[in-house]
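# Structural characterization, general
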Amino acid sequence: MKKVKLDIVGLSYSQTQSGAYALVLGEVNGRRRLPIIIGAFEAQAIAIEIEKMTPSRPLTHDLFKSMAETFHITINEIIIYNLVDGVFYAKLICSDGNAVHEIDARTSDAIALAVRFKSLIYTYEFILSTAGIVIEGNDLLFLENLDSIAKEPDADSLPTASKSQGFVDLSTEDLQQKLQEAIAEEAYEKAARLRDELNRRNKA
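What counts, and where the lines are drawn
- Residues numbered from 1 in each chain as written.
- Predicted model: local features only at pLDDT ≥ 70, side-chain atom pairs only at ≥ 80, totals over all residues.
- Heavy atoms only, no water.
- pLDDT = per-residue confidence, 0-100.
- Helix = DSSP H or I, 4+ residues; strand = E, 2+ residues; numbered from the N terminus.
- Buried < 20%, exposed > 50% of the residue type's maximum accessible area, 1.4 Å probe, protein only.
- Contact = heavy atoms within 4.5 Å.
- Core = buried A, V, L, I, M, F, W, Y, C linked by side-chain atoms within 4.5 Å.
- Salt bridge = Lys/Arg side-chain N within 4 Å of Asp/Glu carboxyl O.
- Expected span 1.5 Å × (residues − 1).
- Arc of directions from axis to C-beta.
- Polar contact = N/O pair within 3.5 Å; in protein donor to acceptor, adjacent residues only side chain to side chain.

Turning to the confidence of the model for the protein, a few remarks are in order. Put simply, the protein has an average pLDDT of 81, and 79% of its residues get 70 or more. Considering each helix and strand of the protein separately, the mean pLDDT is smallest for helix H6 (residues 188-203), with a value of 75, and largest for strand S7 (residues 120-124), with 97.

Before going further, it helps to examine the environment of Gln176. Residue placement: Gln176 occurs in helix H5 (residues 172-184). Residue classification places Gln176 among the partly exposed positions, given a relative accessible area of 42%. With 22 residues separating them along the chain, Gln176 and Leu198 place their C-alpha atoms 7.8 Å apart.

Attention now goes to the environment of Ile46. Along the chain, the position of Ile46 falls in helix H1 (residues 40-50). Residue Ile46 is classed as buried on the basis of its relative accessible area of 0%. Leave out the neighbours within four places in its chain, and Ile46 touches Ile8, Leu11, Leu23, Ile38, Ser108, Ile111 and Ala112.

Leu25 and Leu34 are the most contacted members of the largest nonpolar core, which totals 38 residues. Mapped by element, the contributors of at least two residues to this core are strand S1 (3-13), strand S2 (20-27), strand S3 (32-39), H1, strand S4 (74-84), strand S5 (87-95), helix H3 (107-117) and helix H4 (125-131). Looking at this core element by element, the count peaks at 7 residues for H3. Every residue in contact with Leu34, bar those within four places of it in the chain, is listed here: Leu6, Leu23, Val24, Leu25, Phe88, Ile127, Leu128, Ala131 and Gly132.

Before going further, it helps to examine unusual backbone geometry. Even without being glycine, Asn29 reaches a positive phi, approximately 60°. Among the secondary structure elements, Asn29 is positioned in the loop between S2 and S3. The exposure class of Asn29 is exposed, given its relative accessible area of 81%. Of note in the backbone geometry, His72 takes a positive phi value of approximately 60° without being a glycine. Within the element layout of this structure, His72 appears in the loop between helix H2 (60-70) and S4. Taking the relative accessible area as the measure of exposure, His72 reaches 62% and is therefore exposed.

Here we take up the pattern of salt bridges. Here the structure, examined in full by the defined rule, presents 9 salt bridges. The salt bridge involving Lys65 is made with Glu69; its shortest N-O contact spans 3.9 Å. Note that Lys65 and Glu69 are positioned in helix H2 at a spacing of 4 residues, about one turn of the helix. Its salt-bridge partner being Arg106, residue Asp109 comes within 3.1 Å of it at the nearest N-O pair. Linked through salt bridges whose partners overlap, the residues forming this network are Glu27, Arg32 and Glu125.

Quick look at H5 now. With 13 residues, H5 extends 18 Å between its outermost C-alpha atoms, agreeing within 8% with the 18 Å of an ideal straight helix rising 1.5 Å per residue. Along H5, the positions that sit buried rather than exposed are Leu175, Leu179, Ala182 and Ile183. In a view along the axis of H5, the buried residues occupy a sector of 95°, so they form one face of it. Across H5 from its buried face, at more than 90 degrees, point the exposed residues Glu173, Gln180 and Ala184.

Take the side chain of His61 next. Assignment of secondary structure puts His61 in helix H2. According to the relative accessible area criterion, His61 is buried, its value standing at 5%. Among the polar contacts listed, one links the side chain of His61 to the side chain of Asp109, at a separation of 2.9 Å. Beyond its immediate chain neighbours, meaning those up to four positions away, His61 contacts Phe41, Ala45, Asp109, Ala112, Leu113 and Arg116.

Okay, structure coming up:
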């Protein structure tokens, strides 16, 4: 399967899920964006590393990196390899210098480790084709409200159909129009919810 390289292009507070964040991954040299809902702890772990902040004590992901480096283990890349019922699945491609191992991981943890190891981030074409959002122009990284993070353990997903109930009374044409408006406003989480509702209707 064809792999597509991704970069982190956005991280912002979720407008619909208390304590959750919207992590936006962007296709390198492309216009597709992949929004993923993650927990506050993982969002903070990603943001702290991007901002090159030093916590008073090591975070879990920093501890993992220290242990890995002690035993000469590196993370070559991470791959978001599947999407089932709105939940993304990822794995770490690790090496100890002699053998390569694949380790299953939550997507948010995988990204938090990728920024620490400076590892490449990939997904497969079929995932971007299914869950990607096409945008016009370029995005800048945005990090917001880190001091007000509340812990939200259930994440690593797109907003589910139950969170899209506010759209059920809209026509398909209205949904498509609102999707384009959300993309234009860079409201990726809302765009993902609209996209999911459209996909749900197409499967019905």
